[in-house]
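# Observations on chain architecture
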2 protein chains.
Amino acid sequence: MIMSGVGGHARAGKSSLAPAFDDAFRVELEALLRWRRDVRHFRRDPVDGALLDHLLSLVDLAPSVGNSQPWRIVRVESAAARQAVRASFEAANAAALNGYEGEQAALYARLKLAGLDDAPVQLAVFVEEGCAQGHGLGRQTMPEMLRYSAVSAIHTLWIAARAYGLGLGWVSILDPDAVTRLLAFAPSWRLVGYLCLGHPRFDQEVPELERAGWQARTDGSARIFVK
Amino acid sequence: MIMSGVGGHARAGKSSLAPAFDDAFRVELEALLRWRRDVRHFRRDPVDGALLDHLLSLVDLAPSVGNSQPWRIVRVESAAARQAVRASFEAANAAALNGYEGEQAALYARLKLAGLDDAPVQLAVFVEEGCAQGHGLGRQTMPEMLRYSAVSAIHTLWIAARAYGLGLGWVSILDPDAVTRLLAFAPSWRLVGYLCLGHPRFDQEVPELERAGWQARTDGSARIFVK
């Protein structure tokens, strides 16, 4: 069932008290983060239309600099558009393969990096550079904040989709300028992410790249510093 | 209580079945997204050290290109470092004010944009450009994927903190190069976000910039396109 923000434990009505989350919720949230995964293997059955609409409405809850909401999302539905994106992936993938040697290249080739053939939903997420909304607040010294806001929107979708049992895969082996020319509705748009979305063929707690021997996760304490 | 990924409804042990989330969880997750907020007003009481460590461990569950985990997090604790960051904020804030006129400038001045004075925890999140982990996968045509991975880490922290009742505020009115010179531990690091973290003085469902009349959220359907 598609849930809207009413009722339940958190009791987050429009003007009601703020939600207080409990340990049971935190355990489930951590499980969601642990099992999120970058999904590459999708079943071909469609995603319910009302659910997709709901997930896209949740994207709008993402943080954005100056409340600019600069993300622009294109649902890539036509066969022609999908085929053009796939061709961009294949060209970039072939070029990337040239950069690796021997065993690493073989591994790379075996990794099925794109769900482009199977994912029933494909979304191109753009940022509108210089968008008027937000009046420029918070992005004078860090103009990249607009792009970062679009990334937060993608991550919001990722998490929300997983809560409904859907998997998302972010395809970055693409020529972003070519994909922008293909799919953007305005010249000020810039591609941030091309996303595959659908029912995952299987759930995994361990990232595919770790299972494939490409790159394991490493000790997080090495990433924390104090000053 | 600090929850680790065991037990509870999702039952996500290391090698157990994948979690299946239910409607009650989805309602709470949506409430969390709705009430997340970019927090600027903090109480000064400290954040429990074990909780902060736990939240930082959850950051490592964020998605990253090629499983590169390129985020580097500096806990800014010394008075000297905090004062230097504050000075960078004040300079950038003064310059930003010059770009606005009349009523908008007055509003801008009234917005207390930084929790820098009160937030008990301050974190500078960097990306390590060109980091070896991940072997370059997925970032040949889109090298910005490393920075975007660090943004996902920030958003993961944001959500996890909120589940524990903590607020996060992202300060982007800063000179990122100056802050990098101040706080980075390696020349390959680049500032992605400077974060304030602590107990919010109050909870709000409506963004502060909307309440202040700066920028309301707008209709999300205008951001969705089909091709």
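As a reminder, the structure under discussion sits directly above these lines.
Residues numbered from 1 in each chain as written. Chains lettered and ligands numbered in written order. Predicted model: local features only at pLDDT ≥ 70, side-chain atom pairs only at ≥ 80, totals over all residues. Heavy atoms only, no water.

### Comments concerning the overall build of chain A
Secondary structure summary: chain A contains 7 helices and 5 strands in total. The C-alpha radius of gyration of chain A comes to 19 Å, within 12% of the 17 Å expected for a compact globule of 227 residues. The principal-axis extent of the C-alpha atoms belonging to chain A is close to 60 × 50 × 40 Å. Looking at chain A as a whole, 59% of its 227 residues qualify as buried. Long-range pairs, those at least 24 residues apart, make up 79% of the contacts in chain A between residues at least 6 apart in sequence. In the form shown here, chain A has an accessible surface area of approximately 8700 Å², with 54% of it arising from carbon and sulfur atoms. (Helix = DSSP H or I, 4+ residues; strand = E, 2+ residues; numbered from the N terminus. Rg over C-alpha atoms; globule rule 2.2 N^0.38 Å. Buried < 20%, exposed > 50% of the residue type's maximum accessible area, 1.4 Å probe, protein only. Contact = heavy atoms within 4.5 Å. Areas by Shrake-Rupley, 256 points an atom, 1.4 Å probe, with all protein chains shown as cover.)

### Remarks on the interface of chain B and chain A
Of the residues lining the interface, 112 residues belong to chain B; the matching set on chain A comes to 112 residues. For the pair chain B and chain A, the summed buried surface comes to about 9800 Å²; carbon and sulfur atoms form 61% of the total. Residue Asp 60 of chain B pairs with Arg 223 of chain A through a salt bridge whose shortest N-O separation is 2.6 Å. Viewed at the interface, chain A and chain B are joined by 49 residue pairs in polar contact (both at pLDDT 80 or more). Considering every element that reaches the side of chain B that touches chain A, the biggest residue donor is helix 5 (residues 145–163) of chain B, with 12 residues. The residue makeup of the side of chain B that touches chain A, split by class, is 61 nonpolar, 28 polar and 23 charged. Two elements, strand 1 (residues 71–75) of chain A and strand 5 (residues 224–226) of chain B, share 3 bridges in a ladder whose sense is parallel. (Buried area = accessible area lost by both parts, 1.4 Å probe. Salt bridge = Lys/Arg side-chain N within 4 Å of Asp/Glu carboxyl O. Polar contact = N/O pair within 3.5 Å; in protein donor to acceptor, adjacent residues only side chain to side chain. Nonpolar A, V, L, I, M, F, W, Y, C, P; charged D, E, K, R; others polar. Pairing = 2+ DSSP bridges.)

### Remarks on the environment of Val 206 of chain B
Residues and elements named next belong to chain B. With respect to the element layout, Val 206 can be found in the loop between strand 4 (189–198) and helix 7 (208–211). For Val 206, a relative accessible area of 27% gives the class partly exposed. When the C-alpha atoms of Val 206 and Leu 58 are compared, they prove to be 26 Å apart, with 148 residues separating the residues in sequence. In contact with Val 206, not counting residues within four places along its chain, are Arg 37, Arg 211 and Arg 217.

### Some remarks on the sheet that holds strand 4 (residues 189–198) of chain A
Through backbone hydrogen bonds, the strands of a sheet pair up, either in parallel or in antiparallel fashion. With mixed pairing, 5 strands are arranged side by side in an open sheet as 3(A)-4(A)-2(A)-1(A)-5(B). Here the strands that pair on one side only, and so sit at the sheet edges, are strand 3 (167–171) of chain A together with strand 5 of chain B. Averaged over neighbouring strand pairs, the angle between their axes works out to 30 degrees when direction is ignored. Strands strand 1, strand 2 (121–128), strand 3 and strand 4 of chain A of the sheet are contacted by helix 5 (residues 145–163) of chain A, whose axis makes an angle of about 5 degrees with strand 4 of chain A. (Axes fitted to C-alpha atoms, helices over the stretch in contact; angles between N-to-C directions.)

### A word on the layout of surface pockets
To find the voids left in a structure, one rolls a probe of water-molecule size over its atoms. One number sums up the size of the largest pocket: a volume of about 340 Å³. Lining the largest pocket are 18 residues, and of these Ser 57, Leu 58, Asp 60 and Leu 61 of chain A together with Gly 220 of chain B lie nearest its centre. The leading source of residues in the lining of the largest pocket is helix 2 (residues 49–59) of chain A, at 4 residues. Looking at the lining of the largest pocket, its residues break down into 5 nonpolar, 5 polar and 8 charged. (1 Å grid on protein atoms, 1.4 Å probe; cavity = no way out; pocket = protein on both sides within 12 Å on 5 of 7 lines; lining within 4 Å. Points joined across faces, edges and corners; volume = space filled by probe spheres on them.)

### What to know about the packing of helix 5 of chain A against helix 1 (residues 23–34) of chain B
Helix 1 of chain B packs onto helix 5 of chain A with a crossing angle of 165 degrees between their chain directions and a minimal axis gap of 10 Å. Between helix 5 of chain A and helix 1 of chain B, the crossing angle belongs to the class labelled roughly antiparallel. In this structure, the crossing between helix 5 of chain A and helix 1 of chain B has a hand that is left-handed. Residues Thr 156, Ile 159, Ala 160 and Ala 163 of chain A of helix 5 of chain A form the contact with helix 1 of chain B, whose own contacting residues are Phe 25, Arg 26, Leu 29 and Leu 33 of chain B. (Parallel < 35°, antiparallel > 145°, perpendicular 65-115°, else oblique. Left-handed = near helix turned anticlockwise from the far one by under 90°.)

### Brief notes about the sheet that holds strand 2 (residues 121–128) of chain B
Ordered by their spatial adjacency, 5 strands build an open sheet running 5(A)-1(B)-2(B)-4(B)-3(B), and the pairing between neighbours is mixed. Of all the strands in the sheet, the pair left with one neighbour each is strand 5 (224–226) of chain A together with strand 3 (167–171) of chain B. On average, each strand axis in the sheet is inclined to that of its neighbour by 30 degrees, with strand direction left out of account. Where helix 5 of chain B meets the sheet, its contacts fall on strand 1 (71–75), strand 2, strand 3 and strand 4 of chain B, and the angle it forms with strand 4 of chain B comes to roughly 5 degrees. Strands strand 1, strand 2 and strand 4 of chain B of the sheet are contacted by helix 6 (residues 176–183) of chain B, whose axis makes an angle of about 85 degrees with strand 4 of chain B.

### Notes on the side chain of Arg 72 of chain A
Its place among the elements puts Arg 72 of chain A in strand 1. Reaching out from Arg 72 of chain A, the side chain makes a polar contact with the backbone oxygen of Gln 69 of chain A at a distance of 2.9 Å.

### Side note on the relation of the copies chain B and chain A
You can overlay chain B on chain A at an RMSD of 0.0 Å; the transform is a turn of 180 degrees with a shift of 0.0 Å along its axis. What the rotation and shift describe, once combined, is the action of a two-fold rotation axis. Taken together, the interface assignments show that 100% of the residues at the interface of chain B recur at the interface of chain A, consistent with an identical surface on both copies. (Least-squares fit on C-alpha atoms with pLDDT ≥ 70 in both.)

### Quick notes on helix 5 of chain B
All names here are of chain B. Taking 1.5 Å of rise per residue, 19 residues should cover 27 Å, and helix 5 covers 27 Å from first to last C-alpha, within 8% of that figure. In terms of burial, helix 5 is largely enclosed, as 19 of its 19 residues are buried. Two residues or fewer after helix 5 comes Gly 165, characterised by a positive phi angle close to 80 degrees. (Expected span 1.5 Å × (residues − 1).)

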